Amino acid sequence: MRFLTPLAALVLLAAPAAAQNASTAGAIELYPTMQAVGVRLAYTGDANLNATAHIEWRVQGAATWQIGVDMTRITNSRWAGSVLWLDPGTAYDVRAVITDPDGGGATAGTVRTRPEPVATAATRTWWVATDGSDAAAGDATHPLATLQAAANLAQPGEEIRVRPGIYYQTLDTPRAGTAASPITLVADAPGVRVDGSDPAMLQRSDWQSEGGGIYSVPYAGSTLLVCADSLQRLYHQADLTALQSNGNGVAQGFTIAGGRLYAKLEDGSSPNGHVMHVARYQDGFYIQNDDWTVGGFEMRYFGSASGGAAIHVNNASGTWIWGNTTLAIGGKGIWLRGNSNDNLVERNLCVDPRISTWPWAAGKNHDEEIQGISAYSRRGNVIRFNTCRGTFDGIDGGDTATENDGADMDIHDNYVTQVADDALEIELFDGINCRVWHNRVDNVYSGFSISPNYVGPMYVLYNVITNYRRGGFKFSISSTGETWICHNTLASNVSGAGCVHPSGPYSNKHFRNNVMWATGVTTVDDAAGQSGTGCDFDGDLHYANFFVLFRWKGIDYATLAALHSATGFETNGRTGDALFASAVTGDYSLLAGSPAIDAALRMPGINDRFNGAAPDIGAIESGGGPDVIAPAAIRDVR
């Protein structure tokens, strides 16, 4: 029998332990959009969890690698992070590097960002006009009458071109295009309205008085939307009693009972003589096939039951939704849903004429809790350059079925104003590589709701969020996902509306280089101790004309020095007025002498482009266009 000495036994025991502690880089997964790439890296080892990882990237074949963001450790032994600020249609080398005292490694790959979409020449055009006929040939001289007839005929590479007029119709896609040959549905000129209201209800003269400003007509259908004269949306009251008593504080509305439709206009007048829009269709365009392009339409009065939309993309990928207007929808303006990937929603206007004027409680958990744009869908969707105004929420996203819900998604350069609740409701549950940047938010109840994000990393960068009535950022529902909230400008002229106002438990939220400006309240209000572990602040500029500057876990701090001493936060933080150029007119750029200029922490992969000696704190870099700092000059403060 052979015996081992104690020293030999220790050597043999140490070898497997060291191997388990060392990190081995596995397969790399790269998922591109036009301006970003989501990165996921599998690994083995690192049993003692002492490794870190970061991204490096370069234009394919370039001599120098750029330093990117730190990666986040996510589920199933993986790291994740994003490459930001890329050019469309460009090939990049990307590598993920694990640094481990016990032994690290790296894996590289090549990816091409998605190109900007371009309109392709149609191989055939199908024409639709209000004076057409579905028995016609469908050419320019003999147009079809219905959108659906044209859709039934259109093949990949062909287009449907619709002449101005009002179309009381819907469309359901019967087939897919291809990435190289999409099917295009386009308005030929301004003034193409697709209307979901029932023509038989528009100008009825038999509304009978029921007393108290309420009138009724026989009605056998169901609907979630009634509007008077295009802009007077009526509130869906629960029943006739609620309509009579101005339920939920809304002194108008409609309800359906006993085979009749009851309506109460704001001035108490009879609907006789008014144009009454009653939605009879659920969806305007129902896109359930890949590679459709839809542009230039005005969509009104859809939503006959729960879950409707003006433009509804369900289990479809590669769609391009551009330049449309949605008005008064009994659901969502534009909805990406289900297994829908790599869609582009841009330059659309989603408007509601009444919801934002009603009490908050009237819309919450009610049929009017609708969104301008909703992305309850999968990977690679891009929502950009849209305007949402007057809806309950502006833009939202989320789901629970898979970790890829809302993953690798870009929401940027949108404008959201006058919404009743959250401007951007990023409730993505996993939220892996969701990126939200350069959005402008003003005059809303709450700026950003991140409730919840359970995995991450999520990036919330360079947004201007102003004049909120409740708070700039809302967290709750035990949101534990790693979220980087960097270079945002938050300021409200509403006294008592803080920059961070949680409504429930949250953790792992990292604030860097934000301007936080408040009046009559602390900049950060963690009064009930909702914050959990992993939250931190550094490099932010705080200003509050209040006796408390920062409230954390129920403890008030009048100075950043006191905060830092107690929590370790804001080692590089500052206090002082940001000196906005003109907050009154909405100009939140920085005047000379602002304490935010050249004062931000360097964050490789996030703020590589700036003017002067260092990046500015906040969303708007002073001094014109950005410079690019060479990689050798980067000071990594991670």
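Residues numbered from 1 in each chain as written. Predicted model: local features only at pLDDT ≥ 70, side-chain atom pairs only at ≥ 80, totals over all residues. Heavy atoms only, no water.

Undergrad: Is there a simple way to think about the overall build of the chain in this case?
TA: Of the regular secondary structure elements, the chain holds 5 helices and 56 strands. For the chain, the C-alpha radius of gyration of 27 Å lies close to 26 Å, the compact-globule estimate for 638 residues. Along the first, second and third principal axes, the C-alpha set of the chain runs to 100 × 65 × 60 Å. Here the chain, with 638 residues, has 57% of them falling under the buried criterion. Sequence separation of at least 24 residues holds for 70% of the intrachain contacts in the chain that already meet a minimum separation of 6. Carbon and sulfur atoms form 53% of the exposed surface of the chain, whose accessible area is close to 23200 Å². Of the charged side chains in the chain, 42 are positive and 64 negative; the average position of the first set lies 2 Å away from that of the second. (Helix = DSSP H or I, 4+ residues; strand = E, 2+ residues; numbered from the N terminus. Rg over C-alpha atoms; globule rule 2.2 N^0.38 Å. Buried < 20%, exposed > 50% of the residue type's maximum accessible area, 1.4 Å probe, protein only. Contact = heavy atoms within 4.5 Å. Areas by Shrake-Rupley, 256 points an atom, 1.4 Å probe, with all protein chains shown as cover. Lys, Arg positive; Asp, Glu negative; His and termini not counted. Charge placed at Lys NZ, Arg CZ, Asp CG, Glu CD.)

Undergrad: Would you mind going over the pairing of strand E19 (residues 253–257) with me for this structure?
TA: In the case of a regular strand, side chains alternate between the two sheet surfaces. Two strands pair when backbone bridges link them, and E19 and strand E20 (residues 260–264) are joined in this way by 5 bridges, in the antiparallel orientation. In the strand pairing of E20, Ala257 is matched with Arg260. Hairpin connection, E19 to E20: the antiparallel pair is bridged by 2 residues, and Gly258 has positive phi, about 55°. (Pairing = 2+ DSSP bridges.)

Undergrad: Whenever I open this one, empty space enclosed by the protein confuses me. Can you help?
TA: Any empty space left between atoms is shown by rolling a water-sized probe over those atoms. All chains considered together, the criterion is met by 1 cavity of 30 Å³ or more. Roughly 50 Å³ of volume is contained in the largest cavity. Lining the largest cavity are 13 residues, with Thr326, Ile329, Gly333, Val351 and Thr391 sitting closest to its centre. Of all elements in the fold, only strand E28 (332–337), strand E30 (349–351) and strand E31 (371–376) reach the threshold of two or more residues within the lining of the largest cavity. (1 Å grid on protein atoms, 1.4 Å probe; cavity = no way out; pocket = protein on both sides within 12 Å on 5 of 7 lines; lining within 4 Å. Points joined across faces, edges and corners; volume = space filled by probe spheres on them.)

Undergrad: Teacher, can you tell me more about unusual backbone geometry here?
TA: Excluding glycine, residues mostly carry a negative phi; peptide bonds, for their part, are mostly trans. Here Ser451 and Pro452 are connected by a cis peptide whose omega angle stands at 5°. Here Pro452 is to be found in the loop between strand E39 (440–450) and strand E40 (458–461). One non-glycine residue, Asn248, lies in positive phi territory at about 60°. Structurally, the position occupied by Asn248 is in the loop between helix H3 (240–244) and E19. Backbone geometry places Asp413, a non-glycine residue, at a positive phi of 60°. In this structure, Asp413 sits in the loop between strand E35 (410–412) and strand E36 (415–417). Relative accessible area serves as the criterion here: at 27%, Asp413 is assigned to the partly exposed category.

Undergrad: Quick question: what am I supposed to make of the pairing of strand E25 (residues 309–314) here?
TA: Here E25 lies mainly inside the structure; 6 of its 6 residues are buried. Strand direction decides the pairing type here: strand E22 (residues 283–287) and E25, joined by 4 bridges, are parallel. Bridged to Asp283 within E25 is Ala309. In this structure, E25 lies alongside E28, joined through 5 bridges in parallel fashion. Residue pairing for E28: Ile311 is matched across the bridge by Ile334.

Undergrad: I'm lost on the pattern of salt bridges in this one. Help?
TA: A full pass over the atoms with the stated rule returns 26 salt bridges. A salt bridge links Arg384 to Glu346; its shortest N-O distance comes to 2.9 Å. Within this pair, whereas Arg384 is found in strand E32 (residues 382–384), its partner Glu346 is found in strand E29 (residues 344–346), the two being separated by 38 residues in sequence. Accessibility assignment for this pair places Arg384 and Glu346 in one class, buried. Here Asp410 and Arg435 are joined by a salt bridge, their closest N and O atoms 2.5 Å apart. With a gap of 25 residues between them, Asp410 in strand E35 and Arg435 in strand E38 (residues 434–437) connect regions that are remote in the sequence. Looking at Arg435, the relative accessible area reads 1%, which means it is buried. One network of salt bridges, in which partners are shared, links Glu29, Arg40, Arg78, Arg379, Glu403 and Asp408. (Salt bridge = Lys/Arg side-chain N within 4 Å of Asp/Glu carboxyl O.)

Undergrad: Help me out: how do you make sense of the confidence of the model for the chain in this one?
TA: Keep in mind that low pLDDT regions are not for reading the predicted coordinates in detail. Chain-level pLDDT for the chain is 93 on average; 95% of the residues reach the 70-or-more range. Counted against residues more than four places away or in other chains, residues 1–15, with its pLDDT under 50, gives 1 contact. Of the regions scoring below 50 in pLDDT, residues 625–638 engages in 29 contacts with residues more than four places distant in sequence or in other chains. (pLDDT = per-residue confidence, 0-100.)

Undergrad: Any chance you could explain the sheet that holds strand E5 (residues 72–74) here in plain terms?
TA: Sheet architecture is open: 4 strands sit in the order E1-E2-E6-E5, paired in antiparallel fashion. If you trace the sheet from one side to the other, it starts and ends with strand E1 (23–32) and E5, each paired once. Here the strands of the sheet are splayed against their neighbours by 30° on average, with no regard to which way each runs. (Axes fitted to C-alpha atoms, helices over the stretch in contact; angles between N-to-C directions.)

Undergrad: What is the right way to look at the sheet that holds strand E15 (residues 208–211) in this model?
TA: Sheet strands associate in pairs through backbone hydrogen bonding, adopting either a parallel or an antiparallel arrangement. Here 4 strands make up an open sheet; going across it, the order is E15-E16-E20-E19 and the pairing antiparallel. Strands with a single pairing partner mark the edges of an open sheet, and in this sheet they are E15 and E19. Across this sheet, the average inter-strand angle for adjacent strands is 30°, counted without regard to direction. Relative to E20, strand E16 (residues 214–218) is paired through 5 bridges, and the arrangement is antiparallel. Paired with Val217 across the two strands is Leu261, which belongs to E20.

Undergrad: Sorry, what's going on with the packing of aromatic side chains here?
TA: Working definition: an aromatic ring pair is given by the centre-to-centre distance plus the angle between the planes. According to the stated counting rule, one finds 23 aromatic pairs in the structure shown. Pairing Phe537 with Phe550 gives two aromatic rings, centres 5.1 Å apart and planes at 85°, and the pair type is edge-to-face. In this pair, Phe537 is assigned in strand E48 (residues 536–538) and Phe550 in strand E50 (residues 550–552), connecting sequence segments 13 residues apart. For Phe537, a relative accessible area of 2% translates into the label buried. (Phe/Tyr/Trp six-rings, centres within 6.5 Å; stacked < 30°, edge-to-face > 60°.)

Undergrad: What should I look at first to understand the side chain of Gln237 in this one?
TA: Relative to the assigned elements, Gln237 resides in the loop between strand E18 (232–233) and H3. Not counting residues up to four positions away in its chain, the partners in contact with Gln237 are Ala242, Leu243, Asn246, Gly247, Val250, Gln252, Gly253, Phe254 and Thr255.

Undergrad: What is the right way to read the environment of Ala135 from this model?
TA: Locating Ala135 in the fold gives a position in the loop between strand E9 (125–128) and helix H2 (147–153). With relative accessibility at 75%, the residue Ala135 sits in the exposed group. Put simply, Ala135 and Ala145 are 10 residues apart on the chain and 8.6 Å apart in space, counted from C-alpha to C-alpha.

Undergrad: What is the right way to read the layout of surface pockets from this model?
TA: Roughly 630 Å³ of internal volume is contained in the largest pocket. Along the walls of the largest pocket sit 30 residues, with Pro117, Ala179, Thr293, Gly318 and Trp320 positioned nearest its centre. In terms of residue class, the lining of the largest pocket is made up of 14 nonpolar, 10 polar and 6 charged. (Nonpolar A, V, L, I, M, F, W, Y, C, P; charged D, E, K, R; others polar.)

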